Structure formats: C-alpha cells, structure tokens
Amino acid sequence: MGSSEEPRETRVRLPQLRLDELLEELQARLDAARGTRDRVHSLLEAVLSVGRELDLEQALRSIVEAAAVLVDAEYAALGVIGPDGKRLSDFLTVGVSDEQVVQIGNYPEGHGILGELIRHPERLRLTKLSEHPSSYGFPPHHPPMNTFLGVPIRVRDQVFGNLYLTEKRGGAQFDDDDESVLSTLAVAAGVAIDNARLYEESRLRERWLQASAEITHSLMSGSERGEVLALIAERAREITGAALAVVALPMPDTDSLTVELAIGQEAEAHRGLVLPMNSSLIGQAFSDATPVSSPDISQDERVSTNLRLFTGLGPAVAVPIGSGDGLRGVVLLVREAGRKVFADQETEPLQGFGAQAAVAMELAERRRDAEQIAMLEDRDRIARDLHDLAIQRLFATGMTLQSAGRFIEHAEASERVVRAVEDLDETIKIIRSTIFGLRTHDEAAGPGLRARAVRVVGETAPVMGFAPSLRMEGLLDTHVPKEIADHVVAVLSEALTNVARHARANRAEVALETDGREVRLEVSDDGVGIPAEGRRSGLSNMAERAQQLGGDLKWTSPATGGTVLCWRVPVTNR
C-alpha cells in the first residue's frame, strides 16, 4: 500500500513544478512585452513631441532630452556639424549642470570619439570609452563617462549632427534595443529638423518681405536718403540678430570709405570713422563687390580701426550696397561673441537688401539733383527777371528823372533829383552783381576738408609705421570756411608729424568734427607723452593759429600714457 501511494505524490508534484516554471516564464514574457510596449509607446511619444517643434533650437533640445529618457542615459548631447563638415558648430547637453559647464570651459569642437562619428557617420556602441583608439580624454572637471552610444542624424541624406549618449543608469551596458530605439529617434529627428529649418526659412523670408515692403513705402513717400539707410540698417540688424549695424560710403577724391551710419553697440564710436579701401574688411567687400565674412571680427587682421571697438563682438559679414557701376557702399553686420557665423542663406537676402539700399541712394541722389536743377532754374529765372524787368524799369526811371531834372529851377530840388539818379545807378550795379552771383557756380573749389584730412593721415602712415584711425563728424565741407580748413589741415599735419618724430607711439587716433558753431580737432596717441623740458615750437605754432582764429589749443597726458591734443576754433560770425 505504501509503495503505491509514493508514485501518486510524485506525479502530482512534478506537474505542479512544471506549471510554476511555465507561469514564471509567462510572467517574464508578459513583463518583456509590457516593457516593449511601454518603450514603443515612449518612442512614439518622443517622435510626436519632437515633430511638433517648429523652432529649430527648441527642436534640438527636445531631441536630446528624449534620447536620454529613451535609453535611460545619465548624459546626452547633440553635436551640430559646422559648414566645413569637420567641426562642431553647436553642442547641446543634458545631465551636465551649469556649474560643470563653466568649470569645463569651451564646448568640444569635434576631437576624439566625437570626431570619429563626424569622420565616420555610423552607429557606434562602446563598453568603455577610454579603450577606443580615437579616445581623446576628458578636460578637467568633466564627469566620468564609460559606456557610450552614438548615432548620426541625417537630414535629406546630409549628416546634420550626432547624438551622443553615455553612462546608462544602473551600471548597465547599452544593448541592441537601445541602439535600435535611438536610430529610430534619429530618423524622426532628421524629419523634425528639416521641418523646423523650412519653417524658419519661410518665417525669415516673410520678415525680409515685410521689411522690403516697409522700405519701398519709405522710398515712395519721399523719405530722405539718411532715413531710408537707417531703416535698412535697423531692419537688417533686427532680422539677423546682429548687435551692431554699420553703413560705410566711399569718400570722393580718396581711396577710403567713411562710416555714415551706425546702429547698436558702440554706435557713437563708429560714426565718422574713415576706413582704407585696400586693407579693411569693409573695404574688401567694396573693392570685390561681394560679401566678406569673419568668424570673429574682434580678432580679424582686416579691421583697420581700433579693435577695442569690437570688444564682446564676434561673427560679422560685410555686404556691398549695389553692384557693378551701381556700387554705393557697404553694410556691416556684427553679432555678439559666441553667436553662430553668418550662413549663406542669410547672406543672400542681405545682398537683396543691399540692392534696395543702392536704389534708395540712387533715388535720393536723383531727387537731390532735381531739387538742385530746380533751384538753379529758379535762380536763372530770378536773374532774368531782375535783368529784364527790374533793371530796365530802374534805368527808365533814372532816365526820366535826368530828363525832368533839366526843368527844375530850384537848386536844392535839382540836387535831390541828381542824388536819386545816382542812387538808382548804384542800385543797378548791386542788382547786376547779384545776378552775376546767381549765375556763377564754383566748380573748381578743389577737394573739401574731409578729403584733405584723409590725405594727410594717409601720408603720415608710412612715417609712423602704422595707419592712424580717423573719425569725422558733421558738415565739415559745408560749415568750415576754406581759410579755416587750411589751418585745420596744417595743424593736423603738424600734430601727426610730432607723433611720428617724438612720441614713439604704437597707436594714434584722429577725431575731426563740427557742430556748425566750431570745428574741433583731437589727436591722441599712446606714446611717451610731452616732456616737461622738451621743444614746443610745434605746439606754439598750433596755439598761435588757434588764437588768430579766436580759438584755443589744449593738451593733456592721461594716466594711461600718451598725449591728447585738442585744437578748436569757431566757424560762425566770420
């Protein structure tokens, strides 16, 4: 009996064990299916979230955040490949705090493993980063990273950038599923980035069209050239996100350009600057009649003015105004340091804007020419009327009085008539002189003060070993009479010669300006200053010129070194 019961218990126990195993396996499969379902659901949510973003910057941020969540990575980054296809132009991170970013310093440019994915845009999974032959190491204060998963992002068959994931949570390794999920997200990211780019381009095109319509309306309403140029510069600065906009125009009778308009950071310091045509960023854009860009204008050797004016600024582009025979000037746009460089898709509408600026200047010149012609025609009409009507009537009146004088017997009355006739003759002479003045146009006045000042500065550059910077403001050719302009040129030449001979300077700056009441010339340098017992014959000559014209000369030696000379004289009531 006992032996018959034992097999029955065994038969009951064995099916029970097998059932437990089957239930555990089923539970594991259910958990795996649930996990797969949840992961697919998360992936779909991430794809939808990324696809909803139309702002490119926000779309990139959403992509890198979704990547970190999907593969459970502690750190994630998205590197955007620059125009040269060799370096990273932008780098977004998740998991690294702001304090760590500051301690680490500059973002990576694409060395080591990051560069490996740029050179070979294929999926890359590593158990330990440091063991890869391309490992470049980490800078100080960088958090430790071992496990790695990298996937390229393609936009229309072009590699846009790469997703970098490190340190899977829990000490685990990235697996095939992680790689598959991240690759799927990268495909969705490429579509989202393309959509965001197209949306950004359409919005940008819309803003350029609105600005063009505004400028066209301003042109058709008869606005002055300066107002239209200011509107063009301001709209270009706003649309491109530039911190500074400068408009430079060629100076007559010289090989230089002058900054007529500046808007934004340090605008006052830029207005009136004179720039050489052959050795400056703006001059190159004008000479070549093509856009010229700079990744960092604060370090660009083609900047002929003081580089301190561009402190805190970075990417820049100089775009010619007009083209060919219609080239009128250059507009320079400068972004803050650290901002992205100007891309071709931004430069193209800027060239169209430059063409509009040329049209604005052309219309303004034609309008000014028409006003000049109307004024000259009006002068001729007045002169003709004075000659044909006023003089003839005065002459006839004088003849009548002379004839009537013979019949006047009273001596005093006769004398008065004679004086009246003489007054009429004098009046006729005055009118004739006025007519001559109305019909005389001084076409051979020679170069103005602006051109002469540029020439003096240019002539002293070889002696100094460097080109002094020159800034001019105000209506120098209009408000400063020729006799005073001659003194200004002489003083400027004397001052720069003294700097070249005695100052041992590395930098010199010239500022020439007038407000219609006085003309002011300031020459500064960073040299050794004026010795207390040194010769001062040059200073005496300049001071004497100022005194003759009712002005004065002052000079100071700043604590930072060098000399600042200020010569000023009135230009009114002369």
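The following refers to the structure shown. Small disclaimer: the values here were computed from a predicted structure and weren't measured. (Residues numbered from 1 in each chain as written. Predicted model: local features only at pLDDT ≥ 70, side-chain atom pairs only at ≥ 80, totals over all residues. Heavy atoms only, no water.)

Section: the sheet that holds strand 15 (residues 552–556)
Right, so step 1: Taken in spatial order, the 11 strands of this open sheet run 9-10-11-6-7-8-12-13-14-16-15, and their pairing is mixed. Both edges of this open sheet fall to strand 9 (292–294) and strand 15, since each of them pairs with a single strand only. For this sheet, the mean inter-axis angle between neighbouring strands, taken without regard to orientation, is 20°.
Right, so step 2: Across three bridges, strand 7 (residues 256–264) lies against strand 8 (residues 273–276) in antiparallel orientation. Residue pairing for strand 8: Ser-256 is matched across the bridge by Pro-276. (Pairing = 2+ DSSP bridges. Helix = DSSP H or I, 4+ residues; strand = E, 2+ residues; numbered from the N terminus. Axes fitted to C-alpha atoms, helices over the stretch in contact; angles between N-to-C directions.)

Comments concerning the pattern of salt bridges
Right, so step 1: Under the counting rule described, the total for this entry stands at 20 salt bridges.
Right, so step 2: Between Arg-416 and Glu-412 there is a salt bridge, and its shortest N-O distance comes to 3.3 Å. With a gap of four residues between them, Arg-416 and Glu-412 both fall in helix 10 (residues 411–439), about one helical turn apart.
Right, so step 3: We classify Glu-412 as partly exposed; its relative accessible area is 45%.
Right, so step 4: Salt bridges sharing common partners tie together Arg-471, Glu-473, Glu-513, Arg-520 and Glu-522. (Salt bridge = Lys/Arg side-chain N within 4 Å of Asp/Glu carboxyl O. Buried < 20%, exposed > 50% of the residue type's maximum accessible area, 1.4 Å probe, protein only.)

So, the nonpolar core
Right, so step 1: Core analysis: the largest hydrophobic core is formed by 40 residues, its most contacted members being Met-472, Leu-492, Leu-512, Val-519 and Trp-567.
Right, so step 2: The biggest single contributor to this core is helix 13 (residues 482–503), with 10 residues.
Right, so step 3: Formed by 29 residues, the second largest nonpolar core is a distinct cluster that contains Ala-68, Val-71, Phe-160 and Ala-186. (Core = buried A, V, L, I, M, F, W, Y, C linked by side-chain atoms within 4.5 Å.)

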